[in-house]
Amino acid sequence: MTHSDISDAQLVKGLIDGNLLAFNTLFKEYSVRLYRFAEGYLKSAEEAEELVQEVFTIIWEKRKDLKEEFSFRSYLFTIAFNLIRKHFRARRYRTEYINSGLWEDLDLQTTDKVTYNSLLQYVSELVEKLPDRRKEIFIKSRFEGYSVKEISEELKLSHKTVENQLTNALKFIRAGLHEENIGLVLFFFLFIL
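Residues numbered from 1 in each chain as written. Predicted model: local features only at pLDDT ≥ 70, side-chain atom pairs only at ≥ 80, totals over all residues. Heavy atoms only, no water.

Another aspect to go through is the nonpolar core. As a rule of thumb, nonpolar side chains are buried together in soluble globular proteins. Residues Leu34, Leu51, Val55, Ile59, Phe72 and Leu76 are the most contacted members of the largest nonpolar core, which totals 27 residues. Mapped onto this core, the elements with two or more residues apiece are α1 (8-16), α2 (20-42), α3 (45-61) and α4 (72-99). Excluding residues within four positions of it along the chain, Phe72 makes contact with Asp8, Val12, Leu15, Leu26, Tyr30 and Ile59. The next biggest cluster of nonpolar side chains, apart from the first, holds 16 residues, and it includes Ile137, Val148, Ile151 and Leu155. (Core = buried A, V, L, I, M, F, W, Y, C linked by side-chain atoms within 4.5 Å. Buried < 20%, exposed > 50% of the residue type's maximum accessible area, 1.4 Å probe, protein only. Helix = DSSP H or I, 4+ residues; strand = E, 2+ residues; numbered from the N terminus. Contact = heavy atoms within 4.5 Å.)

Attention now moves to α2. Of all the bends found along α2, the most pronounced is centred on Tyr30 and spans about 45 degrees. Listing the buried residues of α2 in full gives Ala22, Phe23, Thr25, Leu26, Tyr30, Ser31, Leu34, Ala38 and Leu42. Among the residues of α2, the N-terminal cap falls to Asn19, whose side-chain oxygen and the backbone nitrogen of Leu21 are separated by 2.7 Å. Of the residues trailing α2, Lys43 is marked for its positive phi of about 60 degrees. (Bend = angle between axes of the 7 residues up to and from the residue. Polar contact = N/O pair within 3.5 Å; in protein donor to acceptor, adjacent residues only side chain to side chain.)

In this section: a nonpolar patch on the surface. Residues Tyr41, Phe81 and Phe88 make up a contiguous nonpolar surface patch of about 260 Å² in total accessible area. As for its placement among the helices and strands, Phe88 is situated in helix α4. Classification of Phe88 as partly exposed rests on a relative accessible area of 31%. (Patch = residues over 30% accessible without salt bridge, like charges linked within 9 Å, V, L, I, M, F, W, Y side chains within 5 Å. Areas by Shrake-Rupley, 256 points an atom, 1.4 Å probe, with all protein chains shown as cover. Salt bridge = Lys/Arg side-chain N within 4 Å of Asp/Glu carboxyl O.)

In structure tokens form, the structure reads like this:
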């Protein structure tokens, strides 16, 4: 099966049904263009490759939500563009954090003792202790990559309310990590990157 023999709509129909051949055909057709698009923004071959993989992983995971009549190409590039925006937002957070001077508080010996998985488990427990609305906002922001504006629109809350909830969630989690003597570098990697 080659792309010239079959339309995007037919391939999407196959993809919806879980057909790997349809998925692979769409990947071969669009991955190079998607890679060039991503590299143009990210200026990194490695990050562009990762983005292509992430986009197609999302496509596969959300294949049941696809509609044959929609433009697959537009859907694909919309996902890519949103991931690129998320990447630049993370880069901005990282720069702000580095410039804040909080690196001076690092306790690297403690950091070496903590395994990544146990830290994630502990952070998950802290997140679960947040009030429901604050937890929902925090997860959307830090785990799903939503902006404050997107969260405020989706949840019908003011911009300031979302910012306050995020600030309070981060303070709570940071205090919990501090109580366990976990270095700020781990906090940085979990929530700023």
